[in-house]
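Below, each chain spelled out in residue letters.
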Amino acid sequence: MTASAPQDQPQQGWSAPQPQRAGPAAGVEYAGFWVRVVAWILDAIVLGVITAALVPIAGGGSIVVTGPNQFEVNYGSSAWSTLLGLLYFVGFWTLRGQTPGMIPFRMRVAKVADGSRPDWVVSLLRYVGLIISFVVILIGVIWVAFDSRKQGWHDKIAGTVVVRDVT
C-alpha cells in the first residue's frame, strides 16, 4: 500500500480563474451605454465649436423672430451645420474608425463581419440610422443599454459594433 497526497488540498501556485468580460475578441469588449453617451457629448462639444466657427463665415443660419422688432440668427438649425455633422461623423468613422470623443476611451467602430473599420457606405448608413435612432424618442440609442452586443439601432442597421480595447 502506497501513501498518496490527500485529494482535497489545492495545488501549489493555483489561483482562482479571472472573470471573463463579454467581448467579440481577445483584448476588446463591447462599449457600454454610459461611456458612449460621454463620448457623444464630447463629440457634440467639438462639433459645436467647429459649427460656431464655420457657419457664420459660410453665411448660414436662419433668422428667428423673437418679438416685435426683435430677431436672432439661429446658426444651429442651418443646412451647413447638418452637413458639418454628416462630414464629421462619417469622415471620422471611415478614416479613423473613431471620432475625437471616442479616443480617450479607446473606443472604435468596427464591422460585425470582420472587425475592420467601416467604409464610406457603412458609415453613411450608420449616420442615417443614428438620426432615425434619435428621432424615435431616443429609443434606438437607449437600445444600447439592453442589447447583449451593446448595439443601437444604427449599429444594427449598418452591421457595426462599438468596441473598447481593454489591454
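About the criteria used
- Residues numbered from 1 in each chain as written.
- Predicted model: local features only at pLDDT ≥ 70, side-chain atom pairs only at ≥ 80, totals over all residues.
- Heavy atoms only, no water.
- Pairing = 2+ DSSP bridges.
- Helix = DSSP H or I, 4+ residues; strand = E, 2+ residues; numbered from the N terminus.
- Axes fitted to C-alpha atoms, helices over the stretch in contact; angles between N-to-C directions.
- Phe/Tyr/Trp six-rings, centres within 6.5 Å; stacked < 30°, edge-to-face > 60°.
- Buried < 20%, exposed > 50% of the residue type's maximum accessible area, 1.4 Å probe, protein only.

**Q** Is there a simple way to think about the sheet that holds strand β1 (residues 28–30) in this case?
**A** The strands making up a sheet associate through backbone hydrogen bonding, with each pair oriented either parallel or antiparallel. One open sheet holds the three strands; their spatial order is β1-β5-β4, and the pairing between them is antiparallel. Here the strands that pair on one side only, and so sit at the sheet edges, are β1 and β4 (107–111). Each adjacent strand pair in this sheet contributes to an overall mean axis angle of 45 degrees, direction not counted. Where β4 lies against strand β5 (residues 160–165), five bridges are found, and the strand directions are antiparallel. Across the sheet, residue A110 finds its bridge partner in β5, namely V161.

**Q** I would appreciate a short explanation of the packing of aromatic side chains in the present structure.
**A** Aromatic rings considered in pairs are described by the distance between their centres and by the relative angle of their planes. As enumerated under the stated definition, the model contains seven aromatic pairs in all. Each ring, one from F33 and one from W34, has its centre 4.9 Å from the other, and the planes form 80 degrees; the classification is edge-to-face. Here F33 falls in the buried class, since its relative accessible area comes to 19%. With relative accessibility at 62%, the residue W34 sits in the exposed group. Taking the centre distance of 6.1 Å and the plane angle of 55 degrees together, the rings of W143 and W153 count as tilted. Taken together, the residues W143 in the loop between α4 (139–142) and α5 (153–158) and W153 in helix α5 connect sequence positions 10 residues apart. Among the aromatic side chains, those forming a connected cluster through ring pairs are Y88, F89, F92, W93 and Y127.

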